[in-house]
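Structural overview
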Amino acid sequence: TRLRQHPALSRGLRKLGLISDLRWGRLQALDPDIRSWNLKRGIPWPDQSFDAVYHSHFLEHIPRESAPELLSECLRVLKPGGMIRVSVPDLHHYILLYNESYEALSQGDEHALSQHEQAVAGMYDQFVRREATGLKEQTNPLVRLVERIVRPTPEKTGERHQWMYDKHTLTRLLLDTGFSRPQVMRFDTSRIPDWNTYGLERNESGGEYKPESLYIEAEKPGEKS
């Protein structure tokens, strides 16, 4: 996102071979108006600026004790009656997957092993991984060296998970922050007007992008203006 603001620098790094084909393609796909911002500094907009706030697979990367502060900022910038939509990996989904595969393995079904490993990885991999995912995709030794300097660890890049939520814990967190009327949604349903025109939560074929997700929406109390 920072490089997107500096096209000449990006082209120069590309010519030097320091940006891989993979990164270059992702860089060109970014909206040039995207902003990079440290949310520890709050949300850089005034009170009651927006009709909706949306974040997907982000909250689990925030330390549990910092989540209320972040959601309070979301509440602050929403207009009365505005909606927040939060998408996170669903802990309950992985527990069900784990239990089902565990029972199948116990009954002698060896084909359930891959499902079992998927469930365990879904709960633990991003808590314990030591190398950033993108680094593994780089084959050029020079690019790998640069990425190790710029993006040294999953913790430094923000890739590491800090917590997991289910519908009960996320609902309680939203209520405690001051939101009202929390409701579990599908990837293609929402109380946000024209939700399905935005193409969010969808893969390239229009289906659900991350089926392991939990989607919850809640409202800022007050009458819409």
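Just above, that's the structure.
Structure report, in brief. (Residues numbered from 1 in each chain as written. Predicted model: local features only at pLDDT ≥ 70, side-chain atom pairs only at ≥ 80, totals over all residues. Heavy atoms only, no water.)

Moving on to the packing of helix 1 (residues 7-15) against helix 2 (residues 21-29). Across the interface, helix 1 lies against helix 2 with an axial gap of 11 Å and an inter-helix angle of 165°. Our classification of the angle between helix 1 and helix 2 gives roughly antiparallel. Crossing of helix 1 against helix 2: the hand is left-handed. Of helix 2, the residues touching helix 1 (which contributes Ser10, Arg11 and Arg14) are Asp21, Trp24 and Leu27. For the contact of helix 1 with helix 2, a count of residues per class yields 2 nonpolar, 1 polar and 3 charged. (Axes fitted to C-alpha atoms, helices over the stretch in contact; angles between N-to-C directions. Helix = DSSP H or I, 4+ residues; strand = E, 2+ residues; numbered from the N terminus. Parallel < 35°, antiparallel > 145°, perpendicular 65-115°, else oblique. Left-handed = near helix turned anticlockwise from the far one by under 90°. Contact = heavy atoms within 4.5 Å. Nonpolar A, V, L, I, M, F, W, Y, C, P; charged D, E, K, R; others polar.)

Its identity is not glycine, yet Arg181 carries a phi of approximately 50°, on the positive side. The topology assignment puts Arg181 in strand 3 (residues 180-185). Residue Arg181 is classed as exposed on the basis of its relative accessible area of 52%. Even without being a glycine, Asp194 presents a positive backbone phi close to 60°. Tracing the sequence through the fold places Asp194 in the loop between strand 3 and strand 4 (213-219). Of the residues examined, Asp194 reaches a relative accessible area of 56% and is grouped as exposed. (Buried < 20%, exposed > 50% of the residue type's maximum accessible area, 1.4 Å probe, protein only.)

Here we take up the pairing of strand 1 (residues 50-56). Two strands pair when backbone bridges link them, and strand 1 and strand 2 (residues 78-89) are joined in this way by 6 bridges, in the parallel orientation. Counterpart to Val53 in the pairing with strand 2 is Ile84. (Pairing = 2+ DSSP bridges.)

A few words on the environment of Thr171. Along the chain, Thr171 falls in helix 9 (residues 167-177). For Thr171, a relative accessible area of 21% gives the class partly exposed. Each C-alpha atom, one on Thr171 and one on Gln183, is 7.9 Å from the other, the two residues being 12 residues apart in sequence. When near neighbours in sequence (up to four residues on either side) are disregarded, Thr171 contacts Pro182 and Ile216. Reaching out from Thr171, the side chain makes a polar contact with the backbone oxygen of Lys167 at a distance of 2.6 Å. (Polar contact = N/O pair within 3.5 Å; in protein donor to acceptor, adjacent residues only side chain to side chain.)

Moving on: the environment of His93. Counting through the fold element by element, His93 comes out in helix 4 (residues 91-106). On the accessibility criterion, His93 (28% relative accessible area) is partly exposed. Between the alpha carbons of His93 and Ala119 there is a distance of 8.6 Å; along the sequence they are 26 residues apart. Apart from the residues within four sequence positions on either side, His93 is in contact with Pro211 and Glu212.

Estimates place the volume of the second largest pocket at around 260 Å³. For the second largest pocket, the lining is made up of 14 residues, of which Tyr94, Gly122, Gln126, His161 and Glu212 are closest to its centre. Ranked by residue count, the leading element in the lining of the second largest pocket is helix 5 (residues 113-128), at 5 residues. Of the residues that constitute the lining of the second largest pocket, the class distribution is 3 nonpolar, 6 polar and 5 charged. (1 Å grid on protein atoms, 1.4 Å probe; cavity = no way out; pocket = protein on both sides within 12 Å on 5 of 7 lines; lining within 4 Å. Points joined across faces, edges and corners; volume = space filled by probe spheres on them.)

To continue, consider the pattern of salt bridges. Counted under the stated rule, the structure contains 13 salt bridges. Residues Asp51 and Lys79 are paired through a salt bridge, measuring 3.5 Å at the closest nitrogen-oxygen approach. Placement of the pair is Asp51 in strand 1 and Lys79 in strand 2, with a sequence separation of 28 residues. On the accessibility criterion, Lys79 (28% relative accessible area) is partly exposed. Each of Arg85, Arg191, Glu201 and Glu217 takes part in salt bridges that share partners, so that together they form one network. (Salt bridge = Lys/Arg side-chain N within 4 Å of Asp/Glu carboxyl O.)

Attention shifts here to helix 9. Turning to helix 9, its buried residues number three or more, namely Leu170, Leu173, Leu174 and Thr177. All buried residues of helix 9 fall inside an arc of 95° around its axis, so they share one side. Every exposed residue of helix 9 that faces more than 90 degrees away from the buried side is listed here: His168 and Asp176. If you follow the buried residues of helix 9, they end up packed against helix 3 (67-77), strand 2 and strand 4. The residue sitting at the N-terminus of helix 9 and contributing the capping side-chain oxygen is Asp166; that oxygen lies 3.0 Å from the backbone nitrogen of His168. Among the residues trailing helix 9, Gly178 stands out with phi positive, at a value near 120°. (Arc of directions from axis to C-beta.)

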